[in-house]
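# Fold and contact review
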Amino acid sequence: MKYTISGHEKFSLRYPWLPKAIVALNINPCIFSDEDQAIVEMGVGKNMVRSIKFWATSTGVIEKNGTNGYVATDFGKTLFNEDGLDPYLEDIKTLWLLHWNLSVVNSSPLLAWDFLLNRWHEPEISPSFVLKAILEHLENADPKPSETTLRDHLSVFIHTYFPTRGNKGEIKEENLDSPLTEIELLQKSGSRESIDDTGKLEPAYKFRREEKTEISEELFLFCLYDFITREYPHESTIAFREIAHGHNSPGQVFKLPETDIRHRLEGLAELTDGYLSYIESSNIQQVRKNNDLNLIQLLEQIY
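Residues numbered from 1 in each chain as written. Predicted model: local features only at pLDDT ≥ 70, side-chain atom pairs only at ≥ 80, totals over all residues. Heavy atoms only, no water.

Next up on the list: the overall build of the protein. Across its full length, the protein carries 14 helices and seven strands. Across the 303 residues of the protein, 48% fall into the buried class. In the protein, the share of contacts with a sequence separation of at least 24, taken over all contacts with a separation of at least 6, comes to 61%. As displayed, the protein offers around 14900 Å² of accessible surface, 45% of which is attributable to carbon and sulfur atoms. Distance from the positive charge centre (31 side chains) to the negative charge centre (47 side chains) of the protein: 5 Å. (Helix = DSSP H or I, 4+ residues; strand = E, 2+ residues; numbered from the N terminus. Buried < 20%, exposed > 50% of the residue type's maximum accessible area, 1.4 Å probe, protein only. Contact = heavy atoms within 4.5 Å. Areas by Shrake-Rupley, 256 points an atom, 1.4 Å probe, with all protein chains shown as cover. Lys, Arg positive; Asp, Glu negative; His and termini not counted. Charge placed at Lys NZ, Arg CZ, Asp CG, Glu CD.)

Under the criterion given, the structure shown has 16 salt bridges. Between D114 and R119 there is a salt bridge, and its shortest N-O distance comes to 3.0 Å. Accessibility expressed as a relative area gives 2% for D114, which makes it buried. Of the residues examined, R119 reaches a relative accessible area of 30% and is grouped as partly exposed. (Salt bridge = Lys/Arg side-chain N within 4 Å of Asp/Glu carboxyl O.)

What follows is about the sheet that holds strand β7 (residues 285-289). Overall, antiparallel pairing links the three strands, which are arranged β5-β7-β6 in an open sheet. Each edge of the open sheet carries a strand with a single partner, namely β5 (237-239) and β6 (276-280). Each adjacent strand pair in this sheet contributes to an overall mean axis angle of 25°, direction not counted. As paired strands, β6 and β7 are joined by five bridges and run antiparallel to one another. (Pairing = 2+ DSSP bridges. Axes fitted to C-alpha atoms, helices over the stretch in contact; angles between N-to-C directions.)

F32 and L265 are the most contacted members of the largest nonpolar core, which totals 88 residues. Among the elements that make up this core, the one with the highest residue count is helix α9 (residues 217-231) (nine residues). Setting aside anything within four residues of it in sequence, one finds F32 in contact with A21, L25, M42, V49, I52, K53, I62 and Y70. (Core = buried A, V, L, I, M, F, W, Y, C linked by side-chain atoms within 4.5 Å.)

Before going further, it helps to spend a moment on the packing of aromatic side chains. Overall, the coordinates contain 13 aromatic pairs when judged by the stated rule. Both rings, one in F32 and one in Y70, keep their centres 6.1 Å apart while their planes meet at 80°; by these two values the pair is edge-to-face. Residue F32 is found in the loop between α1 (17-27) and α2 (35-42), and its partner Y70 is found in strand β2 (residues 69-72); the two are separated by 38 residues along the sequence. A relative accessible area of 4% means that F32 is categorised as buried. With centroids separated by 5.3 Å and ring planes inclined at 65°, the aromatic side chains of F162 and Y205 adopt a geometry described as edge-to-face. Of this pair, F162 sits in the loop between α8 (147-161) and β3 (186-193) while Y205 sits in strand β4 (residues 201-207), and the two are 43 residues apart along the sequence. Taking relative accessible area as the criterion, F162 reaches 17% and is therefore assigned buried. Each residue in the set F54, W55, W113, F157 and Y161 is aromatic and connected to the rest through ring pairs, giving one cluster. Here R192 stacks its cationic end above the ring of F129, 3.9 Å away from the centre of that ring. Lying over the aromatic face of F240, R262 brings its terminal NZ or CZ to 4.4 Å of the ring centre. (Phe/Tyr/Trp six-rings, centres within 6.5 Å; stacked < 30°, edge-to-face > 60°. Lys NZ or Arg CZ within 6 Å of the ring centre and 35° of its normal.)

In structure tokens:
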């Protein structure tokens, strides 16, 4: 599998960037193909222009259009146009949607997201331990990324979801604009001795695996249907275990307990007017797709 590891320029996502990308594209569709012009029009440095393009593309807000230009996707326009559903990125449901899109890219997925959300089964996330596991996972990759590149990429993942704090516990200014820290997916769990050459203590983290009431039923439905259409485009039934534990599933990406997932699925028929339904018996637990839904309409229903 080909992974995306670089492009963020070591910057995690910041609050103004996605709306800024949409505004800039509406004025100049070739803005991201001319870095010098982008620096002038967007008022940021070259590395930050590249990072904005990386995050706007990775979150599904913009996409390449031909050889030179980019365009806002229907998802991006629906959310961040001037008359959009959340043009200033103020709703926590939008943050969960952005997390979802970052995590479920099928073509060249973000390595740290794909590995940690789907393949990491240890109770804690310690940088040196994860780095060792990723290096082993990529042992036969060609070309093989450098350890420094992987370490930087892993650091971006952590800083995207957990704010960096100084010695006295204050949040450092350069991390205030990392909006996905608000979903509190990643929590500090303590410290562990590093397995690198230094042997120093390093922070340890864990995923928050509890029920998440801020993920509304409509938001869960949007992501569930997106999962079904991405992973099972020709299937009419999807097993519960795939929804809870399958690669890039809502259960894995949101780290939801099975009881929470099952409770949400039980209300599918009413929520979708029978387009989706959940069937559970002594030997069957599955979602049945009885008719097609429209993702943009599902997105609008979230708000």
